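Summary of structural features
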Amino acid sequence: MTTFIDMLRNITPDVYAALKLAVEIGKWSDGRRLTQEQKELCLQAMIAWEQDNLPEEERTGYMGPQACKSEGKEVPNILFSTGSDTLH
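To keep things clear, this report deals only with the structure shown in the data block. Just so you know, these numbers come straight off a predicted model, no measurement behind them.

With the rule as written, the count across this model stands at one aromatic pair. Between the aromatic rings of Tyr-16 and Trp-49, the centroid separation amounts to 4.2 Å while the plane-to-plane angle is 20 degrees, which identifies the pairing as stacked. Taken as a pair, Tyr-16 in helix H2 (residues 13–25) and Trp-49 in helix H3 (residues 36–53) lie far apart in primary sequence, 33 residues in all. Just as Tyr-16 is buried, Trp-49 falls in that class too.

Here's what the structure looks like:
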């Protein structure tokens, strides 16, 4: 039995593309639905493969410097005092 790491070493760009498509549409190429565990494992494999094979801006979940609209804005403190020693 091979380990997850061994499997990752054998992922080709074509296998990566098939995993990515399966996660995107929730089905394998033959139409069978992915289980929750399969989705999780496919995502883990995709992210690990991307780490070694894609530039950061092309990886799953990448948010560029302009992606966060709240950056630089003051975030209000949602805690407030009621005059007692507890914050609400």
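So, on to the environment of Lys-27. When you line up the elements, Lys-27 lands in the loop between H2 and H3. Of the residues examined, Lys-27 reaches a relative accessible area of 35% and is grouped as partly exposed. A sequence separation of twelve residues divides Lys-27 from Lys-39, and the C-alpha atoms of the two residues are 9.4 Å apart. Beyond its immediate stretch of four places on either side in the chain, Lys-27 contacts Ala-22, Arg-32, Arg-33 and Leu-34.

What follows is about the packing of H2 against H3. It is the contact of H2 with H3, at a shortest axis distance of 9 Å, that shows an interaxial angle of 135 degrees. By the angle between their axes, H2 is oblique relative to H3. In the crossing of H2 with H3, the sense of the turn from one axis to the other is left-handed. Only Lys-39, Cys-42, Leu-43, Ala-45, Met-46, Trp-49 and Glu-50 of H3 make contact with H2, whose side of the interface consists of Pro-13, Tyr-16, Leu-19, Lys-20 and Val-23. Each residue belonging to the contact of H2 with H3 can be placed in one class, and the counts come to nine nonpolar, no polar and three charged.

Here H3 contains 18 residues, and its C-alpha end-to-end distance of 25 Å stays within 8% of the 26 Å for a straight helix at 1.5 Å per residue. The complete set of buried residues in H3 reads Cys-42, Ala-45, Met-46, Trp-49 and Glu-50. End-on, the buried residues of H3 take up no more than an arc of 130 degrees, which puts them together on one face. Residues of H3 that are exposed and angled more than 90 degrees away from the buried face: Gln-36, Glu-37 and Asp-52. Looking at the buried positions of H3, the neighbouring elements they touch are helix H1 (4–9) and H2.

What counts, and at which threshold
Residues numbered from 1 in each chain as written. Predicted model: local features only at pLDDT ≥ 70, side-chain atom pairs only at ≥ 80, totals over all residues. Heavy atoms only, no water. Phe/Tyr/Trp six-rings, centres within 6.5 Å; stacked < 30°, edge-to-face > 60°. Helix = DSSP H or I, 4+ residues; strand = E, 2+ residues; numbered from the N terminus. Buried < 20%, exposed > 50% of the residue type's maximum accessible area, 1.4 Å probe, protein only. Contact = heavy atoms within 4.5 Å. Axes fitted to C-alpha atoms, helices over the stretch in contact; angles between N-to-C directions. Parallel < 35°, antiparallel > 145°, perpendicular 65-115°, else oblique. Left-handed = near helix turned anticlockwise from the far one by under 90°. Nonpolar A, V, L, I, M, F, W, Y, C, P; charged D, E, K, R; others polar. Expected span 1.5 Å × (residues − 1). Arc of directions from axis to C-beta.

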